[in-house]
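# Fold and contact review
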Amino acid sequence: MRFGALLSTALGSLLAASAAFGAEGAETPPPNGASYWLACIAVWLAAWFLVELIVLKGPQRGWAGRLCAVAVPLIFGFTVLFWWQMVVQGLDVPGVILPPPSTVASRLIQSPGLLGQDFMQTFKGLAAGYVVGSGTGVLVAILIDRVPFLQRGLLPLGT
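Overview of the structure. Bear in mind the structure is a predicted one, so any value in this text is a computation, not a measurement. Each chain has its residues counted from 1, following the order in which its sequence is written. Local features in this predicted model are restricted to residues of pLDDT 70 or higher, and side-chain atom pairs are both shown and tallied only at a pLDDT of 80 or more, whereas totals for entire chains, interfaces and linings draw on every residue. The basis for the side-chain values is all heavy atoms of the structure; hydrogens and waters are excluded.

Right, let's talk about unusual backbone geometry for a bit. The phi torsion at aspartate 92 lies on the positive side, around 55°, for a residue other than glycine. Put simply, DSSP H or I for four residues or longer makes a helix, DSSP E for two residues or longer makes a strand, and each gets a number counted from the N terminus. The residue aspartate 92 is located in the loop between helix H3 (62-90) and helix H4 (101-110) in this model.

So, about the packing of aromatic side chains. Classification of ring pairs rests on two measures: the distance between centres of Phe, Tyr or Trp rings, Trp counted by its six-membered ring, which must be within 6.5 Å, and the angle between planes, read as stacked under 30 degrees, edge-to-face over 60 and tilted in between. Considering all chains together, one arrives at five aromatic pairs under this definition. Ring centres 5.0 Å apart and planes at 85° place the aromatic pair tyrosine 36 and tryptophan 37 in the edge-to-face group.

So, about the packing of helix H5 (residues 112-146) against helix H6 (residues 148-158). Put simply, H5 and H6 touch, their axes get as near as 5 Å, and they point 110° apart. The angle between the axes of H5 and H6 places the two elements in the roughly perpendicular class. Counted together, Leu143, Ile144, Asp145 and Arg146 of H5 and Pro148, Leu150, Gln151, Leu154 and Leu155 of H6 form the full contact between these two elements. Under the scheme applied, nonpolar residues are Ala, Val, Leu, Ile, Met, Phe, Trp, Tyr, Cys and Pro; charged residues are Asp, Glu, Lys and Arg; polar residues are all the others, including Gly. Grouping the amino acids of the contact of H5 with H6 by side-chain chemistry returns six nonpolar, one polar and two charged. Between N-to-C directions, angles span 0 to 180 degrees; the directions come from axes that are lines fitted to C-alpha atoms, helices contributing only their stretch in contact. What sets the label is the angle itself: under 35 degrees gives roughly parallel, over 145 gives roughly antiparallel, 65 to 115 gives roughly perpendicular, and the rest give oblique. The contact criterion used throughout is that any non-hydrogen atoms of two residues lie within 4.5 Å.

Moving on, we get to the nonpolar core. In this structure, Ala47, Leu50, Val51, Ile54, Cys68, Ala71 and Ile75 together form the largest nonpolar core, which totals seven residues. At the level of elements, helix H2 (34-57) and H3 are the ones that each hand at least two residues to this core. Take this core: its biggest share by element is four residues, from H2. In this view, valine 51 contacts Val72 and Ile75; residues no more than four positions away in its chain are not counted. Side-chain atoms within 4.5 Å are what join buried Ala, Val, Leu, Ile, Met, Phe, Trp, Tyr and Cys residues into a set we call a nonpolar core. With a 1.4 Å probe rolled over the protein chains alone, any residue whose accessible area is under 20% of its type maximum counts as buried; one over 50% counts as exposed, and the rest are partly exposed.

Moving on, we come to the packing of H2 against H3. Close contact between H2 and H3 brings their axes to 10 Å; oriented N to C, the two are set at 170°. Between H2 and H3, the angle falls in the class roughly antiparallel. Packed against H2, whose contacting residues are Tyr36, Trp37, Cys40, Ile41, Val43, Trp44, Ala47, Leu50, Val51, Ile54 and Val55, the element H3 presents Cys68, Ala71, Val72, Ile75, Phe78, Thr79, Phe82, Trp83, Met86, Val87, Gln89 and Gly90 at the interface. Counted by class, the contact of H2 with H3 contains 20 nonpolar, three polar and no charged residues.

Shown next, in the form of structure tokens:
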């Protein structure tokens, strides 16, 4: 069987298995039962098979090789996000503790201005912490260099 046919079969099974969950996202009641977890495992196995197929039989050179090199981490990322969503839904984890990725994505899309403000606030805190930490480190280094008592006590710990 050719690589293209194998790839389309694996990709089709992965998409079909993930489409079985629907697009309702976090609004649906948490599913219970073994069929839910078996479907999750089926998606995981389909993704694993697809990655194995790309790594073992995929082209190594040219644009198709570069595409395959990018596809493997993308499939892994999709699988991690998929499991995050399914575990949060399946175990009915409160959104305050761990929101599902669908909720995070919708919040990012709905309020980009708030995200920019939060980023700037975080950056200011990060910059202040960096300046204070670096300044303190330089001052302590100068003190250790100038005070013999500190040299004898702290310099052996730093080396």
